[in-house]
There are 2 protein chains.
Amino acid sequence: MSMVLYELVGRDGLRYSQFSWRSRLALAHKGLDASFCPVAVSDKAALAFSGQDKVPVLVDGARVVPDSWAIATYLEEHYPDRPSLFGDATARALAAFAAQWVDRQVVPVLVPLLAIDVVACLDAADAAHLRGQFERAFGATLEELAADRERRIKSFRRTIAPARAVLRATPFLSGARPAYADYALFSIFQWARLVSPFEPLEDGDPVGVWREAMLDLFDGLARSHPSWRERAEAD
Amino acid sequence: MSMVLYELVGRDGLRYSQFSWRSRLALAHKGLDASFCPVAVSDKAALAFSGQDKVPVLVDGARVVPDSWAIATYLEEHYPDRPSLFGDATARALAAFAAQWVDRQVVPVLVPLLAIDVVACLDAADAAHLRGQFERAFGATLEELAADRERRIKSFRRTIAPARAVLRATPFLSGARPAYADYALFSIFQWARLVSPFEPLEDGDPVGVWREAMLDLFDGLARSHPSWRERAEAD
């Protein structure tokens with residue numbers, strides 16, 4: 001039985017959930033296929049079967065696995081003959097650290113700046129629902145959160161300094177080849193490119209070189225989803 | 001020929017350099033011994049032989065290796081029969097990331113708050129020299145930097161949230177056993193405990209449980225250096 005990944009969907013099938021991108025890249029790394037079950041952000045009842053209300057949820061036969069990190073460790077343990085997502089036990093612990101760093105320090109700096117663009121990618125009911133979620137979480141309107149973002153993006157660029165320092169020396173955060181820590185950080189860039197015209201990086205940032213390499217992985221899996229700018233040009 | 005580690009020394013032989021502690025723990029992890037060559041912070045000419053002016057510097061026979069990360073990779077490559085400092089290649093890349101995170105996000109938040117206590121641990125000439133360095137680097141007097149630190153320490157506690165999240169689930173950042181990423185983060189706590197009465201952590205912080213475990217490593221190597229508070233009680 002093939003696997004199913006429950007993911008958020010926006011207008012015109014846009015797969016905009018950053019956490020789901022971690023799972024999609026983890027599946028690709030393992031050479032595993034999953035069919036896609038779209039979930040509207042205003043219809044989390046669709047996830048009630050998983051005992052919680054957040055995407056991604058992976059269903060593999062009788063197993064139901066919510067949470068991107070749990071999905072990664074599930075895939076690693078249940079498909080040990082496939083390429084390792086983590087490396088050795090130390091690398092796995094440090095990938096957990098890297099993912100926590102993305103969640104707790106990178107995401108909260110970038111998401112508020114682009115939240116206004118995300119809701120513009122959704123149908124009206126979803127947009128209203130997500131606007132409410134964001135505005136409650138950040139305690140400001142989306143318009144306030146996006147104000148002056150050309151200046152405030154500098155904080156994001158400083159926040160990713162540890163990744164930048166590593167990427168000056170090695171092609172991937174995980175060394176010569178990409179692994180889960182790369183997928184965790186890349187997911188926020190993929191999210192940004194899908195939902196917004198705003199460029200988070202400065203020209204010449206080594207993180208941008210890595211981002212291009214990440215877009216190329218798995219026959220251009222991430223790049224095959226057109227960016228906001230590409231969609232605007234096609235309109 | 002035995003190795004020599006050049007390290008900063010304060011009053012009464014205090015080994016207060018956080019970066020040197022990374023190297024001391026790396027040597028202990030490898031089961032290697034190095035004799036100690038003290039360097040005064042105002043006498044960096046003592047390091048001229050290394051072609052730069054910062055501690056630690058490891059001298060191993062004819063080899064001169066400055067920089068704590070370079071020392072760690074040197075030890076790993078030249079003593080491969082000893083326990084690995086990193087784990088596999090992915091783990092090594094992620095340890096570099098963790099060390100960069102400590103250097104670029106953790107150190108700059110804690111060091112200004114305690115800098116006033118460091119200079120109090122040095123002889124007059126060294127204290128004046130280091131005060132000048134700190135005040136130029138941070139653009140404020142040590143007294144200004146330390147003002148209101150009971151409140152400003154909260155920023156440090158938030159900064160280490162990714163480590164805290166991992167340490168709720170595993171005994172060490174590197175998983176079941178400590179490795180270089182742990183030494184990199186612990187070095188700032190060891191520095192704080194040696195130079196200052198100020199407690200950076202809240203009661204009950206899981207990071208504190210890990211810190212105790214780190215103090216116990218290698219027959220209590222780090223704990224065998226009395227803390228500021230222990231020295232004050234002994235006076």
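The coordinates are above.
Keep in mind it's a predicted model, so treat the numbers as computed, not measured.

Chemist: Give me the overall build of chain A: which residues, what numbers.
Modeler: Per the secondary structure count, chain A includes ten helices and four strands. Listed N to C, the secondary structure of chain A is β-α-β-β-β-α-α-α-α-α-α-α-α-α in terms of helices and strands. Scaling as 2.2 N^0.38, a compact globule of 235 residues should have a C-alpha radius of gyration of about 18 Å, and chain A matches this with 17 Å. Projected onto its principal axes, the C-alpha coordinates of chain A cover approximately 50 × 45 × 35 Å. Taken across its 235 residues, chain A has 56% of its residues classed as buried. Across chain A, the fraction of contacts at a sequence separation of at least 24, relative to all contacts at a separation of at least 6, is 69%. If you average the places of the 27 positive and of the 31 negative side-chain charges in chain A, the two averages end up 4 Å apart.

Chemist: Explain the interface of chain A and chain B to me, using residue names and the numbers behind them.
Modeler: Tallying the contact residues gives 29 residues for chain A and 29 residues for chain B. Across the contact surface, chain A and chain B share zero salt bridges. At the boundary of chain A and chain B, one finds five residue pairs in polar contact (both at pLDDT 80 or more). Mapped by element, the contributors of at least two residues to the side of chain A that touches chain B are helix H3 (89-119), helix H6 (149-159) and helix H7 (161-169) of chain A. Tallying contributions element by element places H3 of chain A first for the side of chain A that touches chain B, with 13 residues. Among the residues forming the side of chain A that touches chain B, the class breakdown is 19 nonpolar, seven polar and three charged.

Thresholds, definitions, all that
- Residues numbered from 1 in each chain as written.
- Chains lettered and ligands numbered in written order.
- Predicted model: local features only at pLDDT ≥ 70, side-chain atom pairs only at ≥ 80, totals over all residues.
- Heavy atoms only, no water.
- Helix = DSSP H or I, 4+ residues; strand = E, 2+ residues; numbered from the N terminus.
- Rg over C-alpha atoms; globule rule 2.2 N^0.38 Å.
- Buried < 20%, exposed > 50% of the residue type's maximum accessible area, 1.4 Å probe, protein only.
- Contact = heavy atoms within 4.5 Å.
- Lys, Arg positive; Asp, Glu negative; His and termini not counted.
- Charge placed at Lys NZ, Arg CZ, Asp CG, Glu CD.
- Salt bridge = Lys/Arg side-chain N within 4 Å of Asp/Glu carboxyl O.
- Polar contact = N/O pair within 3.5 Å; in protein donor to acceptor, adjacent residues only side chain to side chain.
- Nonpolar A, V, L, I, M, F, W, Y, C, P; charged D, E, K, R; others polar.

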